[in-house]
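# Observations on the model geometry
Given next are the chains, with one letter for each unit.
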Amino acid sequence: MAANKETDKKLKITLIRSTIGQVPKNRATATAMGLRKINQSVVLPDNAATRGQIQRVRHMVKVEEV
């Protein structure tokens, strides 16, 4: 089975600001992405759902393409 090019794309997301004092919905989004500590990174697929989560917490994260 051939790999799909779009599913091969990944994003490395790093939490650079604390979730303390953030809106509860944004805090929950960061936790749902797997980000719990400052400078913790996760690699997630580059799809519409992930892009929507990043958009919500864009002031707290740094995003790199892998």
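Residues numbered from 1 in each chain as written. Predicted model: local features only at pLDDT ≥ 70, side-chain atom pairs only at ≥ 80, totals over all residues. Heavy atoms only, no water.

A tally of regular secondary structure across the chain gives 3 helices and 3 strands. In the chain, the succession of α and β elements from N to C terminus is α-β-α-β-α-β. Looking at the 66 residues of the chain, the share that counts as buried comes to 30%. For the chain, restricting intrachain contacts to residue pairs at least 6 apart in sequence, the fraction spanning at least 24 positions comes to 74%. (Helix = DSSP H or I, 4+ residues; strand = E, 2+ residues; numbered from the N terminus. Buried < 20%, exposed > 50% of the residue type's maximum accessible area, 1.4 Å probe, protein only. Contact = heavy atoms within 4.5 Å.)

Attention shifts here to the side chain of threonine 14. You can see threonine 14 is positioned in strand β1 (residues 10–15). A polar contact is formed between the side chain of threonine 14 and the side chain of serine 41, at a distance of 2.7 Å. When neighbours within four sequence positions are excluded, threonine 14 is seen to be in contact with Asn39, Gln40, Ser41, Met60, Val61 and Lys62. (Polar contact = N/O pair within 3.5 Å; in protein donor to acceptor, adjacent residues only side chain to side chain.)

Attention now moves to the pattern of salt bridges. Counting across every chain of the model gives 2 salt bridges. Between aspartate 46 and arginine 51 there is a salt bridge; the shortest N-O distance is 2.7 Å. Note that glutamate 64 and lysine 62 form a salt bridge whose closest N and O atoms lie 3.5 Å from each other. Relative accessible area serves as the criterion here: at 32%, glutamate 64 is assigned to the partly exposed category. (Salt bridge = Lys/Arg side-chain N within 4 Å of Asp/Glu carboxyl O.)

With that settled, consider the pairing of β1. One ladder, built from 5 bridges, connects β1 with strand β2 (residues 41–45); its direction is antiparallel. Looking at β2, one finds that threonine 14 is bridged to serine 41. Note: β1 against strand β3 (residues 61–65), 5 bridges, orientation antiparallel. In the strand pairing of β3, leucine 11 is matched with glutamate 65. (Pairing = 2+ DSSP bridges.)

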